[in-house]
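Examination of the molecular architecture
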Amino acid sequence: MRQYLISTLFVLGLAMNVSAQKHPPVPPHPSKSEMVNIKMQELTKKYNTEKKLILNHPLATKQMKRDQMKALNERFATEKRLLRQAK
């Protein structure tokens, strides 16, 4: 009977110890405008890297580069417009 009481108290103490441990706070979720700003920065960074790749390509002619930049600018403008609408 005494062992039963001791083991019960031991298990109860462990259960209370586990439940009393503090959990880390949930990280704050960014607001919608913050998310849009983050996406805009990512989009600008992606645009700049693609632009640099197009302009520094060794084999592309001026006409090819011009066409690729035109397509890139159009795609960038539409994605930017969609992000502004999401705000």
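Structure first, text after, so check above.
Residues numbered from 1 in each chain as written. Predicted model: local features only at pLDDT ≥ 70, side-chain atom pairs only at ≥ 80, totals over all residues. Heavy atoms only, no water.

Details of helix 3 (residues 62-86)
With 25 residues, helix 3 extends 36 Å from end C-alpha to end C-alpha; this agrees with the ideal 36 Å at 1.5 Å per step. On its buried side, helix 3 packs onto helix 2 (32-55). (Helix = DSSP H or I, 4+ residues; strand = E, 2+ residues; numbered from the N terminus. Expected span 1.5 Å × (residues − 1). Contact = heavy atoms within 4.5 Å.)

Structural notes on the environment of Leu55
Structurally, the position occupied by Leu55 is in helix 2. Residue Leu55 is classed as partly exposed on the basis of its relative accessible area of 40%. For the pair Leu55 and Met69, spaced 14 residues apart in sequence, the C-alpha to C-alpha distance is 8.4 Å. With sequence-adjacent residues up to four places away left out, Leu55 is seen in contact with Lys65 and Met69. (Buried < 20%, exposed > 50% of the residue type's maximum accessible area, 1.4 Å probe, protein only.)

Comments concerning the pattern of salt bridges
Overall, the coordinates contain 2 salt bridges when judged by the stated rule. For the salt bridge of Arg75 with Glu79, the shortest nitrogen-to-oxygen distance reads 4.0 Å. Note that Arg75 and Glu79 are positioned in helix 3 at a spacing of 4 residues, about one turn of the helix. The partly exposed category is assigned to Glu79, whose relative accessible area is 29%. Through salt bridges with shared partners, a single ionic network connects Glu50, Arg75 and Glu79. (Salt bridge = Lys/Arg side-chain N within 4 Å of Asp/Glu carboxyl O.)

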